[in-house]
Amino acid sequence: MSLHKSLPRTLWTFGQPCPSLTSSSPADGISSRPPLPAMAVLPLLLCLLPLAPASSPPQPASPSPCPRRCRCQTQSLPLSVLCPGAGLLFVPPSLDRRAAELRLADNFIATVRRRDLANMTGLLHLSLSRNTIRHVAAGAFADLRALRALHLDGNRLTSLGEGQLRGLVNLRHLILSNNQLAALAAGALDDCAETLEDLDLSYNNLEQLPWEALGRLGNVNTLGLDHNLLASVPAGAFSRLHKLARLDMTSNRLTTIPPDPLFSRLPLLARPRGSPASALVLAFGGNPLHCNCELVWLRRLAREDDLEACASPPALGGRYFWAVGEEEFVCEPPVVTHRSPPLAVPAGRPAALRCRAVGDPEPRVRWVSPQGRLLGNSSRARAFPNGTLELLVTEPGDGGIFTCIAANAAGEATAAVELTVGPPPPPQLANSTSCDPPRDGEPDALTPPSAASASASAKAAEAGPPTDRGVQVTEHGATAALVQWPDQRPIPGIRMYQIQYNSSADDILVYRMIPAESSSFLLTDLASGRTYDLCVLAVYEDGATGLTATRPVGCNRFSTEPALRPCGAPHAPFLGGTMIIALGGVIVASVLVFIFVLLMRYKVHGGQPPGKTKASAPVSSVCSQTNGALGPTPAPPAPEPTAPRAHTVVQLDCEPWGPSHEPTGP
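Residues numbered from 1 in each chain as written. Predicted model: local features only at pLDDT ≥ 70, side-chain atom pairs only at ≥ 80, totals over all residues. Heavy atoms only, no water.

Colleague: Would you explain the overall build of the protein chain in this entry?
Modeller: Scanning the protein chain for helices and strands turns up 7 helices and 35 strands. By residue count, 35% of the 666 residues in the protein chain fall in the buried class. At a minimum sequence separation of 6, the contacts of the protein chain that also span at least 24 residues come to 58%. As displayed, the protein chain has an accessible area near 39,300 Å², and 59% of this comes from carbon and sulfur atoms. (Helix = DSSP H or I, 4+ residues; strand = E, 2+ residues; numbered from the N terminus. Buried < 20%, exposed > 50% of the residue type's maximum accessible area, 1.4 Å probe, protein only. Contact = heavy atoms within 4.5 Å. Areas by Shrake-Rupley, 256 points an atom, 1.4 Å probe, with all protein chains shown as cover.)

Right, dumping it as structure tokens:
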């Protein structure tokens, strides 16, 4: 039976070979059968379904359009978007998020927002160099977990917070040079601390660095800190950077470099060319190095000259660091030049103890209490770096000998300061008119030194350095002093004299320039009751070198007198209260006098008002009782006191009765 006749009666079984739609003649191969009916086409369609795949494979996502003025490599991996110098004002929003390299250098981008780089999880290299970026949003790089290199150099960043570099867990190269960075947060590098290999912070405004955070960069190979404002480096700051191969601290404000274990473990070189892998390239030129004993360790290291120079002390200023012999790197032990005289304060008042010392390097001043305890900042005391110890509230047990200890690398020096704490002062009334000592700065007349002031000056001289008799303070008062010194004209080329003085109560050194022809000078604007240290220097031209030099003429220590101030006028509250009381008293007295005068006049006129006399004819008063009528009635005589009666209102109309008012007959 032919196939086209059996299909209408039986269904074709799914999975069997599909029949052909036409029959071919064995002779010519041309179809001679009619088309199959509609019912026969359905099994043929079901037969053809398995020939097509069950589902089409996913087509690759069409790449995002390339931003305008950018060049994009999207035909092969890795994908890259290159937009250098395209004049962009912001990060293009149509970036291909699959890109592995994004270059946006030399544009005008001012800020990096959180959404600008979102979902770019495959990005490996990002360059934002030489833009105008001032702000990077917190978490702006949070999705860039695969990023290896980040270039932010040549922008206008002023600070870097803890959240701005969050998420960069695989970062190896961080370039932040040529910005305006003044602050770097301690946690800014936490996410990349274990992977970072290259950190460039050069050409910024950094005065301080989070040294503890930098010490955790165990894999860092290159650290650029040059051309900043760093004035000091803590000891051991680089001791944990075992893989450090290049450290650049050129052109900062470093006067010394503390010894570090890293520098002693590795050979130091000045240039990286041809350096072995185990060497450390250290650059520290362009710093004002103070070449004293603190830098002997660096001088002893084997390193070629890189034109580093000494800035101080004056004997070594300008000489090449590596040309100075080790024996010339010397220090001077500290010397206490000034300390507070014996001080007496009442209990409950503050007290300030001062101690000044000089040395090379600058000594550090510490204080020890009379009980032998080292004093520092606490709720009752404050220790300042300049050597001042301030007791905020004194107690009777605080009295005694305080010891000032000045120490540096060459030694230490001590000085004693006596503090006496007396009983608290009695309370003072607000309207007190007692005489007080004059305030600081009030002028007074110059007087020869009295016995009391001479005694105070002698005690001050005993407490301080010896007094040079070449400089004399011949007359002094509470706020002025006359200073005299011998003629120094034998010194060739003398130009002028310089007077230097300071008070025991402050650290300010005051200078006065005096003509060369003078041999005395009147100091004014001094404070009363204080001790002053004064020195006179001769400024002359050194004939050998042609430079200006100074030669000390002499020094002296003197004390100004605690002159008394004349009794002042009462305080304003006292005057105000007195005036009010006096004015009230005057008003009350005036009222009383007026009342007294009225009473006296009343008695003199016999109980009658003044200006009226008694009538010559007897006059009697006739009163008629009315029921409320009003009329002119003279004042009746004062009634006798009677017992209280019922309240009755009676109106009496009284008319005078006399001869002219006698009744007439009918």
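Colleague: Sorry, what's going on with the state of the cysteines here?
Modeller: Linking two cysteines covalently via their sulfur atoms produces the bond known as a disulfide. In total, this model carries 6 disulfides according to the counting rule given. At a sulfur-sulfur separation of 1.7 Å, the disulfide partner of C293 is C331. Taking the sign of the torsion about the S-S bond as the criterion, the disulfide between C293 and C331, at about -95 degrees, is left-handed. Here the residue C293 occupies a position in the loop between β16 (289–290) and α5 (296–299), and C331 occupies one in the loop between β17 (310–312) and β18 (332–339), the gap between them amounting to 38 residues. What makes C293 partly exposed here is its relative accessible area of 26%. Of the residues examined, C331 reaches a relative accessible area of 18% and is grouped as buried. The disulfide that involves C535 links it to C555, with 2.1 Å between the sulfurs. Torsion about the S-S bond of the C535 and C555 cystine: about 105 degrees, corresponding to right-handed handedness. Note that C535 is positioned in strand β32 (residues 531–541) and C555 in strand β33 (residues 548–559), a separation of 20 residues in sequence. For C535, a relative accessible area of 24% gives the class partly exposed. (Disulfide = S-S within 2.5 Å.)

Colleague: Would you mind going over the packing of aromatic side chains with me for this structure?
Modeller: Where two aromatic rings form a pair, the distance of their centres and the angle of their planes describe that pair. For the structure on display, the rule yields 8 aromatic pairs. Between the aromatic rings of W211 and F238, the centroid separation amounts to 6.0 Å while the plane-to-plane angle is 85 degrees, which identifies the pairing as edge-to-face. Residue W211 is found in helix α3 (residues 211–214), and its partner F238 is found in the loop between β12 (222–224) and β13 (246–248); the two are separated by 27 residues along the sequence. Just as W211 is buried, F238 falls in that class too. When the centroid spacing of 5.0 Å and the interplanar angle of 85 degrees are considered together, the rings of F321 and W322 count as edge-to-face. Here the two residues F321 and W322 agree in accessibility, since each one is buried. Site record: aromatic cluster; members linked through ring pairs are F284, F321, W322 and F329. Stacked on the ring of Y540, the Lys or Arg R551 has its end atom at 5.3 Å from the ring centre. (Phe/Tyr/Trp six-rings, centres within 6.5 Å; stacked < 30°, edge-to-face > 60°. Lys NZ or Arg CZ within 6 Å of the ring centre and 35° of its normal.)

Colleague: Quick question: what am I supposed to make of the environment of L522 here?
Modeller: You can see L522 is positioned in strand β31 (residues 520–523). On the basis of relative accessible area, L522 is assigned to the partly exposed category, the value being 40%. Placed 46 residues apart in sequence, L522 and H476 show a C-alpha to C-alpha distance of 9.2 Å.

Colleague: Any chance you could explain the side chain of S340 here in plain terms?
Modeller: With respect to the helices and strands, S340 occurs in the loop between β18 and β19 (343–346). Within polar-contact distance, the side chain of S340 engages the backbone nitrogen of R354 at 2.7 Å. (Polar contact = N/O pair within 3.5 Å; in protein donor to acceptor, adjacent residues only side chain to side chain.)

Colleague: Even after reading the chapter, I still don't get the nonpolar core, so can you show me in this structure?
Modeller: The tendency in soluble globular proteins is for nonpolar side chains to be buried as a group. Judged by nonpolar contacts, the single largest core of 76 residues is most densely connected at L126, F141, L150, F238, L247 and F321. Contributions of two or more residues to this core are made by α3, α4 (261–265), β15 (280–283) and α5. Sort the elements by how many residues they give to this core and α5 lands first, with 3 residues. Once you skip the residues sitting within four places of it in the chain, F321 turns out to touch F284, L289, C291, L295, L298, R299, E308, A309, C310 and F329. If you look at the next biggest cluster of nonpolar residues, it comprises 22 residues, including W485, I494, I499 and L523. (Core = buried A, V, L, I, M, F, W, Y, C linked by side-chain atoms within 4.5 Å.)

Colleague: Even after reading the chapter, I still don't get the sheet that holds strand β26 (residues 411–422), so can you show me in this structure?
Modeller: Hydrogen bonds along the backbone pair up the strands of a sheet, which may run parallel or antiparallel. In spatial order, the strands read β19-β26-β25-β21-β22; together these 5 strands make up an open sheet with mixed pairing. Strands with a single pairing partner mark the edges of an open sheet, and in this sheet they are β19 and β22 (374–375). Relative to β26, strand β25 (residues 400–408) runs antiparallel, the two being bridged by 9 bridges. The partner of N408 across the bridge, within β26, is G411. (Pairing = 2+ DSSP bridges.)

Colleague: Before we go on, may I ask you to explain the sheet that holds β33 in this structure?
Modeller: With respect to topology, 4 strands assemble into an open sheet ordered β30-β29-β32-β33, the strand pairing being antiparallel. Strands at the two margins of the open sheet, each flanked by one partner only, are β30 (510–515) and β33. On average, adjacent strands in this sheet sit at an angle of 20 degrees to one another, irrespective of strand direction. (Axes fitted to C-alpha atoms, helices over the stretch in contact; angles between N-to-C directions.)

Colleague: Looking at this structure, how should I read unusual backbone geometry?
Modeller: When glycine is set aside, most residues are seen to have a negative phi, and most peptide bonds are trans. Note that the residue after S312, namely P313, is joined by a cis bond; omega there is 0 degrees. Tracing the backbone through its elements, the reader meets P313 in the loop between β17 and β18. Residue P361 is bonded to the preceding D360 through a cis peptide linkage, with omega at 0 degrees. Along the chain, P361 turns up in the loop between β20 (351–360) and β21 (364–368). A positive phi angle, close to 60 degrees, is found at D106, a residue other than glycine.

Colleague: Whenever I open this one, the pairing of strand β29 (residues 494–503) confuses me. Can you help?
Modeller: Two faces make up the sheet, and in a regular strand the side chains alternate between them. A large share of β29 lies buried, amounting to 8 of its 10 residues. Pairing of β29 with β30 involves 6 bridges; the strand directions are antiparallel. Opposite M496, over in β30, you have P515 as the bridge partner.

Colleague: Help me out: how do you make sense of the pairing of β32 in this one?
Modeller: Burial analysis of β32 places 9 of its 11 residues in the buried class, which makes it a mostly covered element. Here β29 runs beside β32; their pairing, made up of 9 bridges, is antiparallel. Pairing of I499 across the sheet is with V536, part of β32.

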